[in-house]
Amino acid sequence: MNIALIALLPLLGAFIPCLFYNRNLNAASAGVIAGFSLLLLLLQAPAVFSGDIPLYTRSWIPAMGLTFAFRVSGFGFLFALLVLGIGLLIVLYARYYIAAEDPMGRFYTYLLFFMGSMLGIVLSENLLLLMVFWELTSISSFLLIGFWRDRTDARQGAFMALVITAGGGFAMLAGFLLLGHIVGSFELTDILAAGQIVQAHPLYPVTLILILAGAFTKSAQFPFQFWLPHAMAAPTPVSAFLHSATMVKAGVFLLALLVPVLSGTALWFTIVTATGLITLVFAAYMAMFKDDLKGLLAYSTVSHLGLITFLLGLGTPLAVFAAVFHIFNHAAFKAGLFLLAGIIDHETGTRDILRLSGLKKTMPVTAALTVIGSGAMAGVPLFNGFLSKEMFLAETLAPGLTGAWSWILPAGAVLAAAFAVAYSIRMLHGVFWGKPAEDLPSHPHEPPVGMILSPAFLMAVCVLVGIFPAFFAGPLVKAGAGAILGPDMPPYHMAVWHGFNMALILSIIALAGGVVFYRQRQRLFDAHVWCSRNLDGKTLFESLVSQMVHIGEMVTGYTENGSFQRYSALLIGSALVLGVSPFVRDSAPFLGSVPLTIPDPVTLVMGLILISAAIATVVTHRIRILSIIMLGTVGLMVSLAFSRFSAPDLALTQISVELVTIILMMMALHMLPRITPKESSSCRKWRDIVLSVLAGGGAAAVMMAVLTRPFDTISDFFLAHSVPGGGGSNVVNVILVDFRGFDTLGEITVLVIAGLVIYALLHNFDITGPRTDAQGYPWSRDRFPIILVNITRPLLPLALLFSVYIFLRGHNDPGGGFIAGLITVAVLILQYIASGIVWTRPRFHFDNHVIMALGLIVALVTGFGSWVVGYPFLTSTFAYVTLPLVGKFEIASAMAFDLGVYLAVVGSIMLVLVKLGTINSSDAQIVSTTFQREKEIQKEGH
Amino acid sequence: MEILVAASVGVMVACGVYLILRARTFPVVVGLTLISFGVNIFLFATGRLHTNLPAIITSEQIRYADPLPQALVLTAIVIGFAMIAFVVVLALRASGELHTDHVDGQPDDGRQKDGP
């Protein structure tokens, strides 16, 4: 469980920083949560360093192969350590970075949300679970990039990042499903052991390309690199954390993770190596021309990600080792550099290299730290970046490469390295050296100590690892690479001095080349300006999106002309075609073997009434009130049919629902035209008649086919277990509140939601209905009929008592929460009808919202109750109790659930009907004003 | 008996479909109600037609009507009501906002959108 908690703690605790209004508490709570997570991770360290992979598995949806499983491999441990270590530094830094007017609690909430998602990726044992976390990082990245929601560039950048990474994630999900299909399991342990099976499978190329699409988009590899620079609209701590150190590395993490499964084929080598190399060179080139500090760092990040991808593409053990080492190194120096860029921005008011100059006098500490960071980024000896870059250069010279690869790879690598030197010098020299800038937006000075601590720590790591690599990074990288390579772990040598070899010569060439590039920058800039006019990822992306929108609009405009009647006709027509098509080739007889029965006369008459009433509903549909009366007749016949065919519960439900429906329709009709005008052309009318006869004929035919086939049911289980298992002899009710209680819970939730939506639709809604009746006569006001008033009042307690009776007996005889609720509604509504809202409302002014909510809560609490005693959700129990006078009776926990159903039904339906009754009614206004007056009087009385 | 039930379902569905295809909101609502009657009876009848065999367990009764479709239909009736209520109010709100109860939000003013 501890392993799962590492990821779950930040996810579950994400809302906590939001709860405080104090900025220090915001930061501290986030820090404490991340710290706990880190502690839990470090507890796994002994096991991980000894080569074990601690596992935690719980079954989730076994039918889909989805388990809730986590693992801490050495590689995952390294990543998790980066996420939490750098995360903690970011938490500290952001406390000083985020301005007082920005919602800091929300920032930390998003940050923790991201942290948990990212930890989920690196610690998942199940690929599908990994996918879930993968998408969560896309969402949290979206939220964080768009943190300053009022800025257009932030919204655009967030949108672009989401579209690209989520699109890639979609491809990757498909790839994962294929991979799971090939291997027969989604557990990483099984998949990692099945490399040969996967590579021999005919689906391997598709799988590979789909998974690569996901990894490349996430890690901003060419040609998807353009989203990352635009993600820099995020607050700088976010750029440092997500868009350089961790999230963008999720792609390369996945590649590295799947190296044992997918790598080693020509396809892998070609795609991954080439993509990596192009990204590496192209992005390093682009970085040289960025005047924005963060833009420069963003392109540099893309380039370094390309480098890691490239190494993984080579796939040799030493290359993988170098890749893991570089992941670690890059995270340290690039996160640090971003934080430093943030400090410069924060203290001077700009990030423009062209405006900044000579800051080393006013910001000496920042300058010194930046020297370290840029040195590491450029690959200067004594800093950590140098070591992994040396390994990388050595790998490009590996003897296994043949043909054009043998010179393209080292040439590209040296070129990119030289670019890296050039942009590193540009950043350092341009910002800190030269004449002190004078027109900066604010006066430059050193930041507060808390802000400089985080980058200082990261730079210290860079230097220490750079000088004593084997001591400070050795075990971690060994564990990380070892987890990927397994027994293939190569003999490696981590030290500052490798001897005078070919890689060192390349390094020297790159350093010298970089200096030359920097000195000749003006010429490069001129050439670049020409190129950039013609190539811009963002413009390309946006024109692509607008093109797609345009095509979409065209298609929509063609198929959707706004005519609802047309859509309905198309919908019903297609349903007919789809419904009929399976029978066309089917040669089996349409009717089954069960003989038909003769209807008894009463049933026959009932059926004929039903049929004629249904037809009458259509015939009279222009005169709406007649149509409703006919509809009511149909409803009554339906409820009689239920009663006739052994379904007393249904009959009771149907008749009470019917009542409420008709009342509702009458109330609505009060505000709608009374007459439907003649509009349809006769052609349209005939089309509709044909469609409806076909639909009705189809329904009748299928019904016949069903009824004449032998009966086979799964209900024997319910019949057998209803009394011994559910404690009730009314099987329908026991199914509702016990066997399928979860469904019922869903159903009353829908009912409550419908009630709320209707309430919202009617709130502040004003409509004036017709002022005259259909014949043009104005309405006359009439007193409430005195007989009705006098009958309904004594009826109320009787009917309420009856509904209690129906409710209580529901478990054993026809009845239950639904029916009792509907009866209660019916009798309450009767009061409104008979006595009017002015009389009724003050007497029953229960808050229907509260009743409705109470119903849901009661049902839920009953469900949770079974958890307390260790049973699954909504398990019910029952007991027999003997009381004096009453005798022996039964108490079932399902009755509490049924009570919830009752309250939800009463609350939501009353909410709707009363709300509907109050619009467009002068009486209702009187009620609401007298209400307020009464309340005021009460207040004064207190 | 089977023919009678099938015919009733068919007629309710046919009438409902015809009303759904009308141009004003109110008949559409009535049509939806009719269709939901038809669907409920259809679902219910998949448990076959039984006379005097309610699914109330007693010691003397051996055969029972199928309780499962009944339970399904019971909730379907209530959910169906929620849907109808929602559509009714939607129609009301639409006519208040658009000052017409035409399903397209504007009366057919000569410019025929759909074929004649």
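Thresholds applied
Residues numbered from 1 in each chain as written. Chains lettered and ligands numbered in written order. Predicted model: local features only at pLDDT ≥ 70, side-chain atom pairs only at ≥ 80, totals over all residues. Heavy atoms only, no water. Helix = DSSP H or I, 4+ residues; strand = E, 2+ residues; numbered from the N terminus. Rg over C-alpha atoms; globule rule 2.2 N^0.38 Å. Contact = heavy atoms within 4.5 Å. Lys, Arg positive; Asp, Glu negative; His and termini not counted. Charge placed at Lys NZ, Arg CZ, Asp CG, Glu CD. Phe/Tyr/Trp six-rings, centres within 6.5 Å; stacked < 30°, edge-to-face > 60°. Buried < 20%, exposed > 50% of the residue type's maximum accessible area, 1.4 Å probe, protein only. Domains from an automatic or database assignment.

Right, let's get into the overall build of chain B. Per the secondary structure count, chain B includes three helices and zero strands. Along the chain direction, N to C, the helices and strands of chain B fall in the order α-α-α. For 116 residues, the compact-globule estimate of 2.2 N^0.38 gives 13 Å, and the C-alpha radius of gyration of chain B, at 19 Å, exceeds that figure by more than 25%. Counting only C-alpha atoms, chain B reaches 70 × 30 × 15 Å along its principal axes. A fraction of 47% describes how many contacts in chain B between residues 6 or more apart in sequence connect residues 24 or more apart. Across chain B, 7 positive and 9 negative side-chain charges occur, with their mean positions spaced 2 Å apart.

This brings us to the packing of aromatic side chains. Residue and element names in this part refer to chain A. Here the structure, examined in full by the defined rule, presents 27 aromatic pairs over all chains. Here phenylalanine 70 and phenylalanine 133 contribute two aromatic rings whose centre-to-centre distance is 6.1 Å and whose plane-to-plane angle is 50°, an arrangement assigned as tilted. Pair noted here: phenylalanine 70 is in strand β2 (residues 66–71) and phenylalanine 133 is in helix α6 (residues 127–145), with a separation of 63 residues, a long-range link. An identical accessibility class is assigned to phenylalanine 70 and phenylalanine 133; each is buried. Chaining the aromatic ring pairs together yields one cluster made of Trp60, Phe68, Phe70 and Phe133.

Domains assigned within chain A are domain 1 (265–512) and domain 2 (731–770 + 792–942). Domain 1 of chain A and domain 2 of chain A are separated by 66 Å when their C-alpha centres are compared.

Here the focus is the environment of Leu636(A). Residue and element names in this part refer to chain A. Note that leucine 636 resides in helix α29 (residues 624–644). The sequence separation of leucine 636 and aspartate 712 amounts to 76 residues, and the corresponding C-alpha distance is 30 Å. Setting aside chain neighbours within four positions, we find leucine 636 in contact with Ile655 and Glu658.

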